[in-house]
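Coordinate inspection notes
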Amino acid sequence: MADLKYKVIVGLEIHVQLCTKSKMFCGCAVEFGAEPNSRVCPVCLGMPGVLPVMNKQAFEYAVMVGLALNCRIPMFTKWDRKSYYYPDLPKNYQISQYDLPLSENGYIEIPLESSQTKRIGIIRAHLEEDAGKNLHATGNFSQVDLNRTGTPLLEIVTEPDMNSGAEVRALAVELQRMVRFLGVSEADMQKGHMRFEPNINLIITRGDGEFRTPITEIKNLNSFRALERSVNYEAQRQLDEFIETGIVMEMGNKTTRGWDDEKEVTVLQREKEEAHDYRYFPDPDLVPVELTQQWLDEIKSRLCELPLKKQMRYVQEYCLSDYDAGVLTADRSTADFFDEAVKAGGEPKRLCNLITQTGLKITKEKNCSINDLSVTPQSLADLAKMVEDSIISAGSAATIFEAMVETGKEPDVLAQELNLIQKSDAGELEKIVDTVLMENPQAVEDVTSGGKKEKKAMGFLLGQVMQKTKGQANPKVVSEILAKKLG
Amino acid sequence: MARRIDQQQVRKVAKLSRLDLTDHELEEFTSQLGAILEYVEKMNKLNTDNVEPLAHCLPVSNVFREDCVKESIGTERALANAPERDESFFKVPKILDDGSGA
């Protein structure tokens, strides 16, 4: 087809499970992997005559995310019932928010290639309760576990501002990092704490005009990989379908598809015609929430510097690479530790290397956070300073860091104990240099006569001095002495 | 006066509610629902130009609980009224067309 161009248009609906101890409207524990139907009570079982009561923490967590997403936070918000007919929510409705959500009209910045960012609009974020789990085991029946029923869930809806699978993935990853920084969700994909539903279509332009393909929604994706791949697959599928049939978007021809993880294809899901007639109405059991400016300010004060902003600050202020800054801001404990160590006087680049190359290797082995390593930011800053002051070599710093983790001792003590203090005493080093020069007349000859062998010979002599001092000589001082004697 | 609701609409609402109505019930509910709607229709005669939309009928807001875990009732009691169970699960007819999930 001549001159056909297309643009992928994607909007995303994301469900994020908030990490409260108890459920949204009752005191049952939110607990993954408990015995089926052991974390339930008359409220979440949907028994008649019960009264749901809002979890204050869940509401405040939701407002925090709304603020972090730059949303407008209305001072009045309320609850609605959404009709629902599957056994994993036995009330036959889901408590959700319809016309007065707790936040709307915001945006999120997402990182793209080469330190660029893109702003994606947020239509709204509202609270609702999660459903339980239907398990389709063997035989002609299904099993229902209602432990998850009533878990607080934040639904975030973006504008259709994304134009590729990679952008959709970037938003999902950024949102995960954000809610973890805020401490409002574990956002553990394996436990289904984040679920995604992209809406996709194409704008196609070719000689005879501009066309929009029918929108498809892909249901219930729970990994970044599936999210990105399903969007890319769906874009290609819609393009092929348009070229073959010429089908374009019309009222009512939106379809729902599932993602087959094994075959890596989307599959059309059959739905009843009126399936989307949710018939929302205000929940008479729950009273509205009215914020005061004071309460809102108090919630606002719990926000922290958000990860992408922090990452960009590290690049600009400390000249770290985008990659290193990304590693440091992947989780809040590491970023906070780094910030503290910088405040304690450590050189940022040096601290970054210590943390990313040694610290995170250890935390990965021990499967813990950097705060669990019995090394304070101050001690690490001291260690970094010892390298800056040429008291120890950069290589020794890694060894000392590991020993600090093992023993809990301070870096200067360990440097002594492990005999890693560099010799910088020029007088002492000069004697060693003299010995080396005497023992290696050929190399001396190569240096003094100049030419192409000079550099290599110089390196060889430096190496010999380092060997004689068991690596404890300060290479900078040795180089100076060598240059002086052979120059 | 035009009917407030016809059988077609009642049939649709019944279907959405997963209710299987007999022809007799359909007729009965159509007239009952019509009478209710007609009664409520009287409200439309009021002038509400200067009345704020009502989100809730009680003049109360912000009823919260702290995020504290309370004891659940336990699997056995939870399943006590279930028509059928399969070990610790509720057992239900096989769900076809599973569009479930929040």
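Residues numbered from 1 in each chain as written. Chains lettered and ligands numbered in written order. Predicted model: local features only at pLDDT ≥ 70, side-chain atom pairs only at ≥ 80, totals over all residues. Heavy atoms only, no water.

1. Comments concerning the overall build of chain A
Along its length, chain A carries 15 helices and 17 strands. Here the C-alpha radius of gyration of chain A, 30 Å, is well above what a compact globule of 487 residues would show, namely 23 Å. Considering only C-alpha atoms, chain A reaches an extent of 95 × 60 × 50 Å along its principal axes. Across the 487 residues of chain A, 50% fall into the buried class. For chain A, long-range pairs separated by at least 24 residues make up 69% of all intrachain contacts whose partners lie at least 6 apart in sequence. Here chain A displays about 22,700 Å² of accessible surface, and carbon together with sulfur accounts for 50% of that area. Side chains of chain A give 58 positive and 73 negative charges; the mean places of these two sets differ by 2 Å. (Helix = DSSP H or I, 4+ residues; strand = E, 2+ residues; numbered from the N terminus. Rg over C-alpha atoms; globule rule 2.2 N^0.38 Å. Buried < 20%, exposed > 50% of the residue type's maximum accessible area, 1.4 Å probe, protein only. Contact = heavy atoms within 4.5 Å. Areas by Shrake-Rupley, 256 points an atom, 1.4 Å probe, with all protein chains shown as cover. Lys, Arg positive; Asp, Glu negative; His and termini not counted. Charge placed at Lys NZ, Arg CZ, Asp CG, Glu CD.)

2. Description of the overall build of chain B
Of the regular secondary structure elements, chain B holds 3 helices and 3 strands. Along its sequence from the N terminus, chain B presents helices and strands in the succession α-α-β-α-β-β. Its C-alpha radius of gyration of 22 Å places chain B more than 25% over the 13 Å reference for a compact globule of 102 residues. Along the first, second and third principal axes, the C-alpha atoms of chain B reach 55 × 45 × 25 Å. When burial is assessed residue by residue, chain B has 23% of its 102 residues classed as buried. Put simply, 34% of the contacts in chain B that link residues at least 6 apart link residues at least 24 apart. Per element, the accessible surface of chain B, about 8,100 Å² overall, is 54% carbon and sulfur.

3. A closer look at the sheet that holds strand β8 (residues 133-135) of chain A
Within the open sheet, the 4 strands sit side by side as β8(A)-β9(A)-β3(B)-β2(B). Their pairing is antiparallel. Looking along the sheet, the strands with just one partner apiece sit at the ends: β8 of chain A together with β2 (85-86) of chain B. Two strands pair when backbone bridges link them, and β8 of chain A and strand β9 (residues 141-145) of chain A are joined in this way by 3 bridges, in the antiparallel orientation. Along β9 of chain A, the bridge assignment pairs Lys-133 of chain A with Asp-145 of chain A. (Pairing = 2+ DSSP bridges.)

4. Some details on the domain arrangement of chain A
Along its sequence, chain A is carved into domain 1 (5-295), domain 2 (331-417) and domain 3 (426-486). Each of domain 2 of chain A and domain 3 of chain A has a C-alpha centre, and these two points are 32 Å apart. (Domains from an automatic or database assignment.)

5. Quick look at the interface of chain A and chain B
Chain A puts 68 residues into the contact, and the matching count from chain B is 40 residues. Buried area between chain A and chain B, both sides added, is near 4,600 Å², and the carbon and sulfur share of it is 56%. At the junction of chain A with chain B, the criterion picks out 1 salt bridge. For the salt bridge of Lys-12 of chain B with Asp-277 of chain A, the shortest nitrogen-to-oxygen distance reads 3.4 Å. Our count for the contact surface shared by chain A and chain B stands at 25 residue pairs in polar contact (both at pLDDT 80 or more). Looking at the side of chain A that touches chain B, the elements with two or more residues in it are β2 (54-55), α1 (56-68), β7 (117-129), β8, β9 and β17 (289-290) of chain A. Counting residues per element, the side of chain A that touches chain B draws most heavily on β9 of chain A, at 5 residues. Classifying every residue of the side of chain A that touches chain B by side-chain character gives 32 nonpolar, 16 polar and 20 charged. (Buried area = accessible area lost by both parts, 1.4 Å probe. Salt bridge = Lys/Arg side-chain N within 4 Å of Asp/Glu carboxyl O. Polar contact = N/O pair within 3.5 Å; in protein donor to acceptor, adjacent residues only side chain to side chain. Nonpolar A, V, L, I, M, F, W, Y, C, P; charged D, E, K, R; others polar.)

6. Topic: a nonpolar patch on the surface
Taken together, Phe-29, Leu-33, Ile-36, Tyr-39, Val-40, Met-43 and Leu-46 of chain B make up a surface patch of nonpolar side chains, about 720 Å² in accessible area. Note that Met-43 of chain B resides in the loop between α2 (23-41) and β1 (64-65). (Patch = residues over 30% accessible without salt bridge, like charges linked within 9 Å, V, L, I, M, F, W, Y side chains within 5 Å.)

7. Some thoughts on the pattern of salt bridges
All names here are of chain A. Using the criterion set out here, one finds 44 salt bridges over all chains in the structure. A salt bridge links Arg-72 to Glu-104; its shortest N-O distance comes to 2.5 Å. Placement of Arg-72 in the loop between α1 and β3 (76-77) and of Glu-104 in strand β6 (residues 103-111) is noted, with a sequence separation of 32 residues between them. The salt bridge partner of Glu-234 is Arg-257, with a shortest N-O separation of 3.4 Å. Of this pair, Glu-234 sits in helix α3 (residues 224-245) while Arg-257 sits in strand β14 (residues 255-260); the two residues are 23 residues apart in sequence, bridging distant segments of the chain. For Arg-257, a relative accessible area of 10% corresponds to the buried category.

8. Considering helix α12 (residues 426-439) of chain A
All names here are of chain A. Compared with the 20 Å implied by 1.5 Å per residue over 14 residues, the 20 Å span of α12 between its first and last C-alpha is a close match. All buried positions along α12 are accounted for by Leu-429, Ile-432, Val-433, Val-436 and Leu-437. Along α12, the residues classed as buried sweep out an arc of 140 degrees about the axis, all on the same side. Turned more than 90 degrees from where α12 packs its buried face, Lys-431 and Met-438 sit exposed. (Expected span 1.5 Å × (residues − 1). Arc of directions from axis to C-beta.)

9. Thoughts on the packing of α1 of chain A against helix α4 (residues 293-300) of chain A
Residue and element names in this part refer to chain A. At a closest axis distance of 9 Å, the pairing of α1 and α4 adopts a crossing angle of 75 degrees. Overall, the two elements α1 and α4 adopt an arrangement that is roughly perpendicular. Residue-level inspection shows Lys-56, Phe-59, Glu-60, Val-63, Met-64 and Leu-67 of α1 in contact with α4, the latter providing Trp-295, Leu-296, Ile-299 and Lys-300. Considered class by class, the residues forming the contact of α1 with α4 number 7 nonpolar, no polar and 3 charged. (Axes fitted to C-alpha atoms, helices over the stretch in contact; angles between N-to-C directions. Parallel < 35°, antiparallel > 145°, perpendicular 65-115°, else oblique.)

10. Quick look at the pairing of strand β4 (residues 80-83) of chain A
All names here are of chain A. Taking every second residue as pointing to the same face, both faces of β4 are buried, with Asp-80 and Lys-82 on one and Arg-81 and Ser-83 on the other. Where β4 and strand β5 (residues 93-96) come together, 4 bridges link them in antiparallel fashion. Opposite Ser-83, over in β5, you have Tyr-93 as the bridge partner. Bridge count between β4 and strand β16 (residues 281-282): 2 bridges; the pairing is antiparallel. Of the residues in β16, the one forming a bridge with Asp-80 is Pro-282.

11. Structural notes on the nonpolar core
Soluble globular proteins: nonpolar side chains tend toward being buried together. If you look at the biggest cluster of nonpolar residues, it comprises 103 residues, and the most contacted ones within it are Ile-156, Phe-196 and Phe-338 of chain A. Each of domain 1 (5-295) and domain 2 (331-417) of chain A contributes no fewer than three residues to this core. In contact with Phe-338 of chain A, other than residues within four places in its own chain, are Tyr-314, Tyr-318, Leu-320, Leu-328, Pro-348, Leu-351, Cys-352 and Ile-355 of chain A. Counting residues in hydrophobic clusters, the runner-up holds 19 residues, among them Cys-44 and Leu-146 of chain A together with Ala-78 and Ala-82 of chain B. (Core = buried A, V, L, I, M, F, W, Y, C linked by side-chain atoms within 4.5 Å.)

12. Let's talk about the packing of aromatic side chains
Inspection of the entire model under this criterion finds 13 aromatic pairs over all chains. The interplanar angle of 85 degrees and the centroid separation of 5.7 Å between the aromatic rings of Trp-295 of chain A and Phe-64 of chain B together place this pair among those described as edge-to-face. Taken together, the positions of Trp-295 of chain A in helix α4 and Phe-64 of chain B in strand β1 put the pair across two chains. Arranged with centres 4.7 Å apart and planes meeting at 65 degrees, the rings of Tyr-314 of chain A and Phe-338 of chain A form a pair that is edge-to-face. Residue Tyr-314 of chain A is found in helix α5 (residues 307-318), and its partner Phe-338 of chain A is found in helix α7 (residues 332-343); the two are separated by 24 residues along the sequence. Judged by relative accessible area, Phe-338 of chain A falls into the buried class, the value being 0%. Here the aromatic cluster, defined as three or more aromatic residues joined through ring pairs, consists of Phe-59 and Trp-295 of chain A together with Phe-64 of chain B. Lying over the aromatic face of Tyr-93 of chain A, Lys-91 of chain A brings its terminal NZ or CZ to 5.2 Å of the ring centre. (Phe/Tyr/Trp six-rings, centres within 6.5 Å; stacked < 30°, edge-to-face > 60°. Lys NZ or Arg CZ within 6 Å of the ring centre and 35° of its normal.)

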